[in-house]
Amino acid sequence: MKLGMVGLPNVGKSTLFNAITNAGAQSANYPFCTIEPNVGMVSVPDERLEKLAEIYNPNKFTPAVIEFVDIAGLVKGASKGEGLGNKFLSNIREVDAIVHVVRCFESDDIIHVEGSVDPARDIETINLELVFSDMEMVTRRLDKATKALKGDKKMQGEVDFLKRLLAHLENGQPARSIEINDENEQEIINTTALLSAKPVIYACNMSEDDFINGIESNNNYKTVQNIAESEKAEILPICAALEAEISGLSDDEKVMFLEELGLERSGLDRMIQKCYALLGLISYLTAGKDEVRAWTITNGTKAPQAAGKIHTDFERGFIRAEVINFTEFMQCDGNMVTAKEKGLVRSEGKEYVMKDGDIVLFRFNV
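Residues numbered from 1 in each chain as written. Predicted model: local features only at pLDDT ≥ 70, side-chain atom pairs only at ≥ 80, totals over all residues. Heavy atoms only, no water.

Caption draft 1: Examining the sheet that holds strand E4 (residues 65-70) more closely. Judged by pairing direction, the sheet is mixed, and its six strands sit side by side in the order E2-E4-E1-E5-E6-E7 without closing on themselves. Here the strands that pair on one side only, and so sit at the sheet edges, are strand E2 (38-43) and strand E7 (234-238). Averaged over all pairs of adjacent strands, the angle between their axes in this sheet comes to 25°, without regard to strand direction. In the sheet, E2 pairs with E4 via six bridges, with the strands oriented antiparallel. From the neighbouring strand, Ser43 faces E4, where its bridge partner is Val65. Along the sheet, helix H1 (residues 13-21) contacts strand E1 (2-6), E2, E4, strand E5 (97-103) and E7; its crossing angle with E4, the most-contacted strand, is approximately 155°. Against the sheet, helix H4 (residues 119-149) engages E1, E5 and strand E6 (200-205), with an angle of about 145° to E5. (Pairing = 2+ DSSP bridges. Helix = DSSP H or I, 4+ residues; strand = E, 2+ residues; numbered from the N terminus. Axes fitted to C-alpha atoms, helices over the stretch in contact; angles between N-to-C directions. Contact = heavy atoms within 4.5 Å.)

Here is the structure:
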């Protein structure tokens, strides 16, 4: 999974990126500090995997990973090449989802590129640049579809939808918020490579006081909440400064620090959880002395395709999957022999749809 972190200059984007990846991206109080995108790999926290590692003491421990890309700050006119616009848009095209960092805190010490803190304006600035780029894409596809319609009346549905989509974009609305009526319309969205159709999490960068006093007391956060609901986007309250402090702590210190703030999880953990939900992802697990590992798949994936994540031979020669869910496994005190004696290890065929937390052994023959 590849997540692109975007935002206007000086909203705390690179500070947050540094905190959650420890990759050391440059962070400074002036625009375009980030030019080439910084990349950081982050292990996905999974208590189930850690429990399996305690049981098997494996030679290798491999959690799922997420790639975070810190993309250059954006300004108005990016869709026409202003600032670092062309580079920004091409970087966004390569990610699975967007983490849009929005400044929701006041500070006289950190200059805002627009001179004031206004999350609705900031979101609109970036959304419009993506929308303008998408309008060009949709216009080109509409022209092509209109020409094809003359010889093929089956193209009428595509032409009608593209016209509706173009009007939606011209109204300043991102493609992800348009009403989809059937699979054909969804397919058009999927095959037009629209930037504003990408799933978005609005990361509201707030102050430490906001977390102490209660995030609902921050009116800027409420503004972003309303925008996220209208766009079918996710929202995540986070404090880049706090995440920077947390990143340097030991695991025990981290737990104590979060408890003092009344938080169960760090911002990174909550962000990963939101990303998995947003993209419809789950993890299945493989466990043994050689390796304990998490594999990320799309929710709804069947057993042979899940096996193919490990190796194409597993999918090609799939015979069956021996499956037990993690919860059931732990009810047997993490003992596979006991689980089998109780009949909890199931033999599943090609139509089995994988569940989050399944521990699997694939049988195959090639």
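Caption draft 2: A look at unusual backbone geometry. Here the phi dihedral of Asn10 falls at roughly 65°; this positive angle occurs in a residue that is not glycine. With respect to the helices and strands, Asn10 occurs in the loop between E1 and H1. Its relative accessible area of 14% is what places Asn10 among the buried residues. Positive phi, close to 45°, is recorded for Asn57, a residue that is not glycine. Along the chain, Asn57 falls in the loop between helix H2 (47-56) and strand E3 (60-62). (Buried < 20%, exposed > 50% of the residue type's maximum accessible area, 1.4 Å probe, protein only.)

Caption draft 3: Quick peek at the packing of helix H5 (residues 156-170) against helix H6 (residues 183-190). It is the contact of H5 with H6, at a shortest axis distance of 10 Å, that shows an interaxial angle of 60°. By the angle between their axes, H5 is oblique relative to H6. Here the hand of the crossing between H5 and H6 comes out right-handed. From H5, Glu158, Phe161, Leu162, Arg164 and Leu165 reach across to H6, where they touch Glu185, Ile188 and Ile189. (Parallel < 35°, antiparallel > 145°, perpendicular 65-115°, else oblique. Left-handed = near helix turned anticlockwise from the far one by under 90°.)

Caption draft 4: Just the packing of aromatic side chains, in detail. With the rule as written, the count across this model stands at four aromatic pairs. When the ring of Tyr284 is compared with that of Phe362, the centres are 5.8 Å apart and the planes differ by 90°; the resulting orientation is edge-to-face. Taken together, the positions of Tyr284 in strand E8 (residues 281-286) and Phe362 in strand E12 (residues 358-364) put the pair 78 residues apart, joining distant regions of the chain. Phe362 carries the same exposure label as Tyr284, and that label is buried. The structure contains a cluster of three or more aromatic residues connected by ring pairs, namely Tyr284, Trp295, Phe318 and Phe362. Above the face of the Phe105 ring, Arg103 is positioned so that its terminal group lies 4.4 Å from the ring centre. (Phe/Tyr/Trp six-rings, centres within 6.5 Å; stacked < 30°, edge-to-face > 60°. Lys NZ or Arg CZ within 6 Å of the ring centre and 35° of its normal.)

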